[in-house]
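# Descriptive analysis of the structure
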Amino acid sequence: MRRSLALLCALALSAFAAALPAGATANIDMDDNLARAAATDVVVFNVLKVRPISRGEVATCRVFGRAIRAERGARFKPRQSVRLTVPCADQGAEASDATPKWIDRQALLRSAHGRAFLGRNGVLIAYELYDLN
């Protein structure tokens, strides 16, 4: 029962996100697990380069990578280029209630791999790092 309720919420969120104009983002306060469940595409990739594209304690970073595998969806194939815009921040910056939550900029720069959860319109809704160097 609980699992089907979570799936129903994820489907409703996905439908809501799909109804937004292309490139638009919703200011939705949602649980990170719900955001991950709502992802239409999940890609695991090698991080090749990280470039901050805005300044400040909380900013935006561009992540360039190469897909290892698609865990969900058909947007990515192995060895395909991956380009993401990821919220990033200096260590110690105030926590964010936004989705996706920002990533520690220094950890992002050190990361070798990432997993991105994308909405139907290709916009990042959750991100995780692993295998830090």
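Structure's up top.
Overview of the structure. No experiment lies behind these values; they were computed from the predicted model shown. (Residues numbered from 1 in each chain as written. Predicted model: local features only at pLDDT ≥ 70, side-chain atom pairs only at ≥ 80, totals over all residues. Heavy atoms only, no water.)

Once that is clear, we can look at the nonpolar core. Membership of the largest hydrophobic core comes to 19 residues, with the highest contact counts inside it found for Phe 45, Val 63, Leu 84, Val 86, Leu 108 and Tyr 127. Contributing elements (two or more residues each) for this core: strand 1 (41-52), strand 2 (58-72), strand 3 (81-89), strand 5 (111-118) and strand 6 (124-132). Judged by nonpolar contacts, the second largest core, of six residues, contains Ala 38, Ala 39, Val 42 and Ala 126. (Core = buried A, V, L, I, M, F, W, Y, C linked by side-chain atoms within 4.5 Å. Buried < 20%, exposed > 50% of the residue type's maximum accessible area, 1.4 Å probe, protein only. Helix = DSSP H or I, 4+ residues; strand = E, 2+ residues; numbered from the N terminus.)

Residue position: Arg 115 is located in strand 5. Look at Arg 115 and you get buried, because its relative accessible area is 16%. Side-chain polar atoms of Arg 115 contact the side chain of Glu 71, separated by 2.9 Å. Among the polar contacts made by the side chain of Arg 115, one reaches the side chain of Glu 128 at a distance of 2.4 Å. (Polar contact = N/O pair within 3.5 Å; in protein donor to acceptor, adjacent residues only side chain to side chain.)

What follows is about the packing of aromatic side chains. Aromatic rings in a pair are described by how distant their centres are and how their planes are angled relative to each other. Scanning all chains against the criterion turns up one aromatic pair. Summarising the aromatic geometry, the rings of Phe 45 and Tyr 127 are spaced 6.1 Å apart at their centres and angled 50° between planes, so their arrangement reads as tilted. Residue Phe 45 is located in strand 1, and its partner Tyr 127 is located in strand 6; the two are separated by 82 residues in the primary sequence. One exposure class covers both Phe 45 and Tyr 127, and it is buried. (Phe/Tyr/Trp six-rings, centres within 6.5 Å; stacked < 30°, edge-to-face > 60°.)

Here we come to the state of the cysteines. Overall, the coordinates contain one disulfide when judged by the stated rule. A sulfur-sulfur distance of 2.2 Å marks the disulfide that ties Cys 61 to Cys 88. One quick way to see it: the torsion about the S-S bond of Cys 61 and Cys 88 is about 85°, and its sign makes the bridge right-handed. Pair noted here: Cys 61 is in strand 2 and Cys 88 is in strand 3, with a separation of 27 residues, a long-range link. The same class applies to Cys 61 as to Cys 88, namely buried. (Disulfide = S-S within 2.5 Å.)

This brings us to the pairing of strand 5. The element strand 5 is extensively covered by neighbouring structure, given that eight of its eight residues are classed as buried. Judged from the six bridges that link them, strand 1 and strand 5 form a sheet pairing that is antiparallel. Each residue of the ladder has a partner; that of Val 43, found in strand 5, is Ala 116. (Pairing = 2+ DSSP bridges.)

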